[in-house]
Amino acid sequence: MKMGSCIKILFLVGFFLFLLLTVKALAADFPSFNEEKILWEDHFSRVSDVTVKGSGFKPYNRWAWFYGQRIDESGFVPQGVRWQAYLEMQRMIAENGTQTGPVWTHLGPANIAGRCQPIAIDPQDHNRILLGSASGGLWQSLNAGASWEPVDDQLPSLAVGVILFDENNPNVVYIGTGEGNNSADAVFGVGVMISHDGGLSWEILGSGLDWSIGDGKAVNALSMNSADGVLLAATTAGIYRFENDVWSQTLVGKATALVRHPSSTNIFYCALGYPFGNAANGVYKSIDSGQTWVELVNGFPVTHGRVGLAICESVPQILYAGVSKTDGTTLGICKTTDGGDSWNLVYNSGNHYGLQGFYNLVIAVDPANPNLVYSGGIDVWRSLNGGISFSQVSR
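These numbers were taken from a predicted model, which means no experiment stands behind them.

**Student:** Would you take a moment to explain the overall build of the chain for this structure?
**Tutor:** Across its full length, the chain holds 4 helices and 24 strands. Among the 395 residues that make up the chain, the fraction classed as buried is 50%. Taking the intrachain contacts of the chain between residues at least 6 apart in sequence as the baseline, contacts between residues at least 24 apart amount to 47%. Carbon and sulfur atoms provide 54% of the accessible area of the chain, an area that totals close to 18800 Å².

**Student:** Sorry, what's going on with the side chain of S195 here?
**Tutor:** With respect to the helices, strands and loops of the structure, S195 is situated in strand β7 (residues 192-195). A polar contact of 2.8 Å, which involves the side chain of S195, links it to the side chain of D197. Of the polar contacts made by the side chain of S195, one reaches the backbone oxygen of S201; its length is 2.9 Å. If sequence neighbours within four positions are ignored, S195 has contacts with N171, V172, V173, L200, S201 and W202.

**Student:** What am I meant to see in the packing of helix α2 (residues 33-45) against helix α3 (residues 57-68) here?
**Tutor:** The packing of two helices is summarised by the inter-axis angle and the distance between the axes. As a packed pair, α2 and α3 sit with axes 12 Å apart at the nearest point and diverge in direction by 160°. Between α2 and α3, the crossing angle belongs to the class labelled roughly antiparallel. The way α2 lies across α3 gives a crossing that is left-handed. On α3, the residues that touch F33, E36, K37, W40, E41 and F44 of α2 are F57, Y60, W63, A64, Y67 and G68. Residue classes in the contact of α2 with α3 are distributed as 8 nonpolar, 1 polar and 3 charged.

**Student:** Mind showing me how you'd approach the sheet that holds strand β5 (residues 160-165) here?
**Tutor:** Two orientations exist for strands paired in a sheet by backbone hydrogen bonds: parallel and antiparallel. Pairing is antiparallel in the open sheet, where 4 strands are placed in the order β5-β6-β7-β8. The strands lining the two open edges of the sheet, one partner per strand, are β5 and β8 (203-204). Pairing between β7 and β8: 2 bridges, direction antiparallel. Counterpart to M193 in the pairing with β8 is I204.

**Student:** What should I look at first to understand the environment of S394 in this one?
**Tutor:** Mapped onto the elements of the fold, S394 is located in the segment after β24 (391-392). By relative accessible area, S394 is classed as buried at 18%. For the pair S394 and D379, spaced 15 residues apart in the sequence, the C-alpha separation amounts to 5.8 Å. Apart from the residues lying within four places of it in its own chain, the contact partners of S394 are D379 and V380. In this structure the side chain of S394 is engaged in a polar contact, spanning 2.9 Å, whose partner is the side chain of D379.

**Student:** Got a minute to help me understand the environment of S147 in this structure?
**Tutor:** Note on placement: S147 falls in the loop between β3 (138-141) and β4 (149-152). For S147, a relative accessible area of 38% gives the class partly exposed. If near-sequence neighbours (up to four positions away) are discounted, S147 is found in contact with Q140, S141 and L142. Polar side-chain contacts of S147 include one of 2.8 Å to the side chain of N143.

**Student:** Hey, could you run me through a nonpolar patch on the surface in this one?
**Tutor:** On the surface, a cluster of nonpolar side chains totalling about 300 Å² of accessible area is made up of I119, W139 and W148. Classification of I119 as exposed rests on a relative accessible area of 58%.

**Student:** Sorry if this is basic, but what is going on with the nonpolar core here?
**Tutor:** Across soluble globular proteins, nonpolar side chains show a tendency to be buried alongside one another. In terms of nonpolar packing, the biggest core is built from 26 residues, with W63, Y67, L138, I163, I175, M193 and W202 touching the most fellow members. At the level of elements, α2, α3, β5 and β6 (173-177) are the ones that each hand at least two residues to this core. A per-element tally of this core places α3 first, with 4 residues. Apart from residues no more than four positions distant in its own chain, W63 is found in contact with F33, E36, K37, W40, G68 and A184. L209, V219, A237 and Y240 belong to the second-largest nonpolar core, a separate cluster that totals 18 residues.

**Student:** Teacher, can you tell me more about the pairing of strand β23 (residues 380-383) here?
**Tutor:** Consecutive residues of a regular strand have side chains that alternate between opposite faces of the sheet. Going residue by residue along β23, you find W381 and S383 tucked away on one face and V380 and R382 left uncovered on the opposite face. Alignment of strand β22 (residues 373-376) against β23, held across 4 bridges, turns out to be antiparallel. Following the sheet pairing, Y374 is matched in β23 by R382. In textbook terms, the turn of a hairpin is the stretch between consecutive antiparallel strands, and for β22 and β23 this stretch comprises 3 residues. As defined by bridge partners, β23 adjoins β24 across 2 bridges and the pair is classed as antiparallel. Opposite R382, over in β24, you have S391 as the bridge partner.

**Student:** When you look at helix α4 (residues 81-96) in this model, what are you seeing that I'm missing?
**Tutor:** Since the α-helix turns once every 3.6 residues, residues separated by three or four places project in the same direction. The end-to-end C-alpha distance of α4 is 22 Å, a good match for the 22 Å that 16 residues give at a rise of 1.5 Å each. Count one or two residues on from α4 and you reach G97, which has phi positive near 85°.

**Student:** In this structure, what is going on with the sheet that holds strand β9 (residues 219-224)? I would like to understand it.
**Tutor:** Sheet architecture is open: 4 strands sit in the order β9-β10-β11-β12, paired in antiparallel fashion. Both outer strands of the open sheet, β9 and β12 (246-252), are each paired with one neighbouring strand and no more. The sheet shows a mean angle of 25° between the axes of neighbouring strands, direction not considered.

**Student:** What should I look at first to understand the pairing of β7 in this one?
**Tutor:** With burial as the criterion, each face of β7 is covered, one bearing V192 and I194 and the other bearing M193 and S195. For β6 and β7, the ladder comprises 4 bridges, and the chain directions are antiparallel. In the sheet register, I175 faces β7, and the bridge partner there is M193.

The rules we used
Residues numbered from 1 in each chain as written. Predicted model: local features only at pLDDT ≥ 70, side-chain atom pairs only at ≥ 80, totals over all residues. Heavy atoms only, no water. Helix = DSSP H or I, 4+ residues; strand = E, 2+ residues; numbered from the N terminus. Buried < 20%, exposed > 50% of the residue type's maximum accessible area, 1.4 Å probe, protein only. Contact = heavy atoms within 4.5 Å. Areas by Shrake-Rupley, 256 points an atom, 1.4 Å probe, with all protein chains shown as cover. Polar contact = N/O pair within 3.5 Å; in protein donor to acceptor, adjacent residues only side chain to side chain. Axes fitted to C-alpha atoms, helices over the stretch in contact; angles between N-to-C directions. Parallel < 35°, antiparallel > 145°, perpendicular 65-115°, else oblique. Left-handed = near helix turned anticlockwise from the far one by under 90°. Nonpolar A, V, L, I, M, F, W, Y, C, P; charged D, E, K, R; others polar. Pairing = 2+ DSSP bridges. Patch = residues over 30% accessible without salt bridge, like charges linked within 9 Å, V, L, I, M, F, W, Y side chains within 5 Å. Salt bridge = Lys/Arg side-chain N within 4 Å of Asp/Glu carboxyl O. Core = buried A, V, L, I, M, F, W, Y, C linked by side-chain atoms within 4.5 Å. Expected span 1.5 Å × (residues − 1).

As structure tokens, this is what we get:
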């Protein structure tokens with residue numbers, strides 16, 4: 001099979017998964033495991049060679065194996081079962097110590113890793129780094145990345161989508177659980193968790209965002225107003241605001257990005273980006289710590305897919321948005337120099353995302369140099385002139 005055909009198949013698999021997730025989010029009758037399995041098997045029956053890399057057949061089988069042994073007679077994962085298992089494990093550890101079974105010795109391999117999503121550096125100890133994996137939990141390095149160890153293998157969801165240190169107290173750490181990248185083998189989340197002891201112990205944060213893995217949701221970004229402690233979460237169900245121990249939804253849609261103004265701590269920007277198009281898609285601004293949002297439409301593309309955001313710390317009126325088309329390719333890089341009042345499509349001459357803009361789309365700007373921009377998808381690209389042109393820097 002030609003490479004072009006493989007890419008098309010990969011796109012179709014991602015598109016099909018998105019449709020399933022959209023049905024769950026927008027319709028009352030979300031398909032059961034057995035119904036989904038029939039749809040997937042029908043899809044693969046029309047694929048000429050499921051052994052080709054990128055066909056999606058292996059992720060499908062992992063998904064079927066994982067959820068097939070966890071559903072009840074209705075075809076759904078029972079609500080809260082993972083959390084109940086987590087609480088039972090904590091009880092067993094408290095009664096019997098950490099060793100509750102046979103002693104296992106790691107034999108290898110030692111050089112294999114899965115997808116890693118967020119990475120966060122302790123603001124007061126730069127040798128301490130936390131890293132989250134797509135389905136392998138939370139990891140820690142105390143020597144600037146020279147070695148790593150798991151922080152907690154018993155979290156109620158081992159998919160860590162975002163990590164946030166409290167700026168005022170780095171012993172307080174927040175993680176957003178679940179992988180929200182529209183992947184066929186994504187592990188979903190249970191909301192936001194908090195640790196008050198640097199990651200030794202964890203609990204679900206507040207009420208209103210305490211999901212079950214069976215809900216099929218994930219947290220994509222977290223940001224905090226350090227002045228008043230208000231926490232915002234960008235999730236696959238929208239923007240949620242945490243105050244007085246309660247989460248409240250303030251914007252509905254698939255939130256793919258969330259950034260805070262570095263000096264005006266009550267100003268936030270977010271992006272809604274259903275990968276294959278939605279009327280709510282766009283970039284939004286809040287000037288009241290996420291209570292209300294206004295869409296920034298002047299000059300921004302009307303029809304698009306996923307969106308990533310980056311704000312320059314030293315010149316915060318400059319933001320960049322990486323934007324995908326609804327077919328997963330690159331629409332371009334948009335830029336604002338006035339805090340979002342107007343946007344310009346400064347770059348649209350290359351395809352950074354292949355056909356996977358729905359899955360892997362990243363943009364970043366140097367905190368001290370607003371002209372140094374990185375765009376990531378299949379590869380990593382760099383601009384030295386404020387996004388006007390890019391050159392590939394990964395090989």
